[in-house]
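These are the residues of each chain, in order.
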Amino acid sequence: MTKKNNLVRVANRLLVPAIAIVCSYSATAQTKDGGLSTEMLQQIVNNQRNSSSDKALFNAMAGNSIDNLAKSYMSNSDNDTHFSVETMAQNIHDQKSSGRCWMFSGFNVLRSNFAKKTDSLRVEFSHAYLFFYDQLEKSNLFLQGVIDTGKLPIDDPKVQFFFKNPVADGGTFCGVADLTEKYGLVPNTVMPETYNAENTSKMRSLLMSKLREQGLRLRDMVAQGKSKKQIKEEKAKMLGVVYRILTLTLGNPTQQFSYAFKNKDGKTVGTPRNYTPQEFYREVAGTPLNGTFIMVMNDPRHEYHKTYEVEYDRHTYDGHNWVYLNLPMEEIAELAIASLKDGRKMYSSYDVGKQLDRKKGLLTLDNFDYESLLGTTFPMNKAQRISTFDSGSTHAMTLSAVDLDANGKPLKWKVENSWGPEYGHKGCLIMTNEWFNEYMFRLVVDKKYVSEKLLKEAQQKPIMLTPDDPLFAEDN
């Protein structure tokens, strides 16, 4: 054994009594008022039923998943897959182990609009290309945010906001709008997925560490009174390091390429022509997305028919924050139905993990009976779940169909997901209207389907919310 190891063993022996003293003090401290005392623990134990049925439940749960045991018998019936209003089907993509659902859903809308406009042409966009610039822009947003808050103490909430999560996979439809307008699009064949585009954890971890280190250096420059020019030049050098990391992990984004469109049967139409990413974007999307849509949300904590915004809730420093018009679910449903009736899919987001039957791709309020299994209730309403971080927007999907009753009211909805074509119902999820009302949060809808009254309300000065608001996490 080495000398270093012997010293470690001696140090560990010396630490044991000290640790015991600390633990002893900690245990004593927990008995003061408000702590879990021995008496309270005994009372809790005495109130347990310890019945034979509880023993049977433990034996069952010890070797099985809770969902398997809580699954309702009626959920074994066949899915009702008929929809009275359904948009044109398109192939399902897979975001793999990444948080890019916002981009997959946004691209679903873009390629669906293109297919509808051209009647027969199809196109697949490169997720790796736009993700490259998403990560570069978010890195710049972080570094510039650190500069802007450089005179504040490191523990200030604004500073902490940036350093806590310098860059992430998740995002919003505003990211799709701002990034495509600035950088354009390229076909998937020009810049296909890489391993690190589909498995972002390690790349993101290393990038965050590098950015935090760079952020501290920028704060030092601000504290030293360096000029804006010096700080800007240093930031550019830092972004050069980020750019190299991204080229090594995601590929070098192309600036020009040749491409020919294909029809729905996969046959090439016309001859290839040269494009820049911006030219290709104009070809497939026409005018920029910004200004063509409004974003609505359902947040019963806040007043309806008011707009809300979160500072820095954007992808680019010079881009757009999310600005929502808060509406009751009935009015959101009306907007969605109008769009679907015209064959237009929509970006939408949900708390998809609640009551999800993964095998069938079905979302209902009674897929699983946790209350009977565990002998307790879960009675919080939507506002209470949001306020306590129990529920919120976690995943973006593309709203593609609705089934209406004889009075035109929604019975169920269908979304195109981005977890691959084998997941759920042929890559889609089906949700009852009751589930939709409880766990749907955001919708992006073209202005042509919005009344003048709501368009005017969407132009109100937004009420600014804090970045840690429970509902404003990124879709991933």
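Scope of this entry: the structure provided in the associated data block. Each residue is numbered by its place in its chain's sequence as written, counting from 1. At least 70 in pLDDT is required for a residue's local features to be given in this predicted model, at least 80 for side-chain atom pairs to be given and counted, and no such filter applies to totals for whole chains, interfaces and linings, which use all residues. As a rule here, side-chain values cover all heavy atoms of the structure and leave hydrogens and water aside.

## Here we look at unusual backbone geometry
- Despite not being glycine, Lys96 has its phi angle at roughly 55°, a positive value.
- Helix and strand definitions here come from DSSP, where helices need a minimum of 4 consecutive H or I residues and strands a minimum of 2 consecutive E residues; each element is numbered from the N-terminal end. Relative to the elements of secondary structure, Lys96 occurs in the loop between strand 1 (85–86) and helix 5 (101–118).
- Within the chain, Gln355 stands out as a residue other than glycine whose phi angle is a positive 60°.
- Tracing the chain through its elements places Gln355 in the loop between strand 9 (346–350) and strand 10 (356–357).
- Of the residues examined, Gln355 reaches a relative accessible area of 13% and is grouped as buried. Only protein chains enter the accessibility calculation, which uses a 1.4 Å probe; a residue is then buried when its area is under 20% of its type maximum, exposed when over 50%, and partly exposed in between.

## Looking at the pattern of salt bridges
- Each reported salt bridge corresponds to a side-chain nitrogen of Lys or Arg within 4 Å of a carboxyl oxygen of Asp or Glu. Counting across every chain of the model gives 23 salt bridges.
- A salt bridge links Asp318 to Lys182; the nearest nitrogen and oxygen atoms lie 3.3 Å apart. Taken together, the residues span a long stretch of sequence, with Asp318 in the loop between strand 7 (307–310) and strand 8 (323–326) and Lys182 in helix 8 (residues 173–183) at a distance of 136 residues.
- A relative accessible area of 55% places Asp318 in the exposed class.
- With relative accessibility at 36%, the residue Lys182 sits in the partly exposed group.

## Here we look at the side chain of Asn417
- Mapped onto the fold, Asn417 is located in the loop between strand 13 (410–416) and strand 14 (428–432).
- A relative accessible area of 2% means that Asn417 is categorised as buried.
- Contacts described as polar in this section are N or O atom pairs within 3.5 Å, which, within protein, must combine one atom able to donate a hydrogen with one able to accept it, while residues neighboring in sequence count only if both atoms come from side chains. A polar side-chain atom of Asn417 sits 2.8 Å from a polar atom in the side chain of His395.
- Here a residue-residue contact requires only that any non-hydrogen atoms of the pair lie within 4.5 Å. Contact partners of Asn417, with chain neighbours within four places excluded, come to Ile92, His93, His395, Met397, Tyr423, Gly427, Cys428 and Leu429.

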